[in-house]
Amino acid sequence: MNAAFAMAPGIGAIAGTFISWQMNFIVLFVMAITLVITVIWLFPETLINKNQQALQMQKFFSNYYNLFKAKGYFIYLFILGINIGMVYSCLVEAPVIIIDILQLSKPWFIVVAIGIVVAFMIGSMICNFLCHKLPQEWILMIGMLISLVGSAILFALMLLDIISLLSLLIPI
């Protein structure tokens with residue numbers, strides 16, 4: 001699951017760079033149809049005792065109410081949203097930076113996209129390993145601390161003119 005989640009933005013960015021941005025919508029449409037058919041045929045219901053009340057509107061809203069009042073739910077949601085947004089923004093801006101600003105050929109974009117995806121997958125594997133060793137709150141705090149420290153270091157280095165846009169794209 002994490003691999004698909006990590007690869008999706010990269011595949012979309014590559015399709016948008018090499019074909020056209022409209023191709024992303026065609027791929028999403030085909031994938032949605034494929035997934036619906038696959039789920040219907042290959043994944044039968046596994047719940048032995050079906051809950052007939054699960055789809056009643058009162059129960060439906062009650063379940064969401066319980067989720068929203070759960071301690072930490074919006075904190076998890078916020079952290080996840082920020083990190084996913086950072087991955088997407090990196091992949092969205094990478095073609096412009098690599099092809100238009102740095103005047104490099106399109107295949108160099110694949111190097112950067114693969115680097116971002118691999119980093120995301122390594123982070124997911126580390127997180128999966130730590131989930132069995134540490135409480136979830138600690139893992140979130142460690143992740144936020146790493147993001148904060150990394151961002152602060154990059155910001156300070158850019159303010160001091162020690163690094164530039166070009167030096168941030170070292171793999172190229």
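Not measured: the values here are computed from a predicted model.

**Focus on the overall build of the protein**
Link 1 in the chain: Check the secondary structure of the protein and you find 7 helices and 0 strands.
Link 2 in the chain: Helices and strands appear in the protein in the N-to-C order α-α-α-α-α-α-α.
Link 3 in the chain: For the protein, the proportion of its 172 residues judged to be buried stands at 15%.

**A short note on the packing of aromatic side chains**
Geometrically, a pair of aromatic rings is defined through the distance of the ring centres and the angle of the planes.
Link 1 in the chain: In the structure shown here, the tally under the stated rule is 6 aromatic pairs.
Link 2 in the chain: Between Phe60 and Tyr64, the ring centres sit 5.2 Å apart and the planes meet at 65°, which makes this aromatic pair edge-to-face. Of the two residues, Phe60 and Tyr64 both sit in helix α3 (residues 57-69), 4 residues apart, roughly one turn of that helix.
Link 3 in the chain: On the basis of relative accessible area, Phe60 is assigned to the partly exposed category, the value being 33%.
Link 4 in the chain: Here Tyr64 and Phe68 contribute two aromatic rings whose centre-to-centre distance is 6.0 Å and whose plane-to-plane angle is 45°, an arrangement assigned as tilted. Residue Tyr64 and its partner Phe68 are both found in helix α3; the two are separated by 4 residues, about one turn of the helix.
Link 5 in the chain: On the basis of relative accessibility, which here comes to 41%, the residue Tyr64 falls in the partly exposed class.
Link 6 in the chain: An aromatic cluster of at least three residues, connected via ring pairs, comprises Phe60, Phe61, Tyr64, Phe68, Tyr73 and Phe74.

**Regarding the nonpolar core**
Link 1 in the chain: Of all hydrophobic cores here, the largest spans 6 residues; its members are Ala94, Ile98, Phe109, Val112, Ala113 and Ile116.
Link 2 in the chain: Put simply, the parts of the chain that give this core at least two residues each are α4 (73-101) and α5 (107-131).
Link 3 in the chain: Among the elements that line this core, the one with the most residues is α5, at 4 residues.

**Some remarks on the confidence of the model for the protein**
Link 1 in the chain: Averaged over every residue, the pLDDT of the protein is 77; residues scoring 70 or more account for 85%.
Link 2 in the chain: When pLDDT is averaged over each helix and strand of the protein, the minimum, 61, is found for helix α7 (residues 165-168) and the maximum, 86, for α3.

**Description of the environment of Ala15**
Link 1 in the chain: Its place among the elements puts Ala15 in helix α1 (residues 2-18).
Link 2 in the chain: For Ala15, a relative accessible area of 11% gives the class buried.
Link 3 in the chain: Along the backbone, Ala15 and Val27 are 12 residues apart, and their C-alpha atoms lie at a distance of 9.0 Å.
Link 4 in the chain: Here Ala15 is in contact with Ser20, Met23 and Asn24, once residues within four sequence places are set aside.

**Some details on the state of the cysteines**
Link 1 in the chain: Summed over the entire model, instances satisfying the criterion amount to 0 disulfides.
Link 2 in the chain: Not engaged in a disulfide, the cysteine Cys127 finds its nearest cysteine sulfur in Cys131; these two sulfurs lie 4.8 Å apart.
Link 3 in the chain: Look at Cys127 and you get partly exposed, because its relative accessible area is 32%.

Each value, and the rule that gives it
Residues numbered from 1 in each chain as written. Predicted model: local features only at pLDDT ≥ 70, side-chain atom pairs only at ≥ 80, totals over all residues. Heavy atoms only, no water. Helix = DSSP H or I, 4+ residues; strand = E, 2+ residues; numbered from the N terminus. Buried < 20%, exposed > 50% of the residue type's maximum accessible area, 1.4 Å probe, protein only. Phe/Tyr/Trp six-rings, centres within 6.5 Å; stacked < 30°, edge-to-face > 60°. Core = buried A, V, L, I, M, F, W, Y, C linked by side-chain atoms within 4.5 Å. pLDDT = per-residue confidence, 0-100. Contact = heavy atoms within 4.5 Å. Disulfide = S-S within 2.5 Å.

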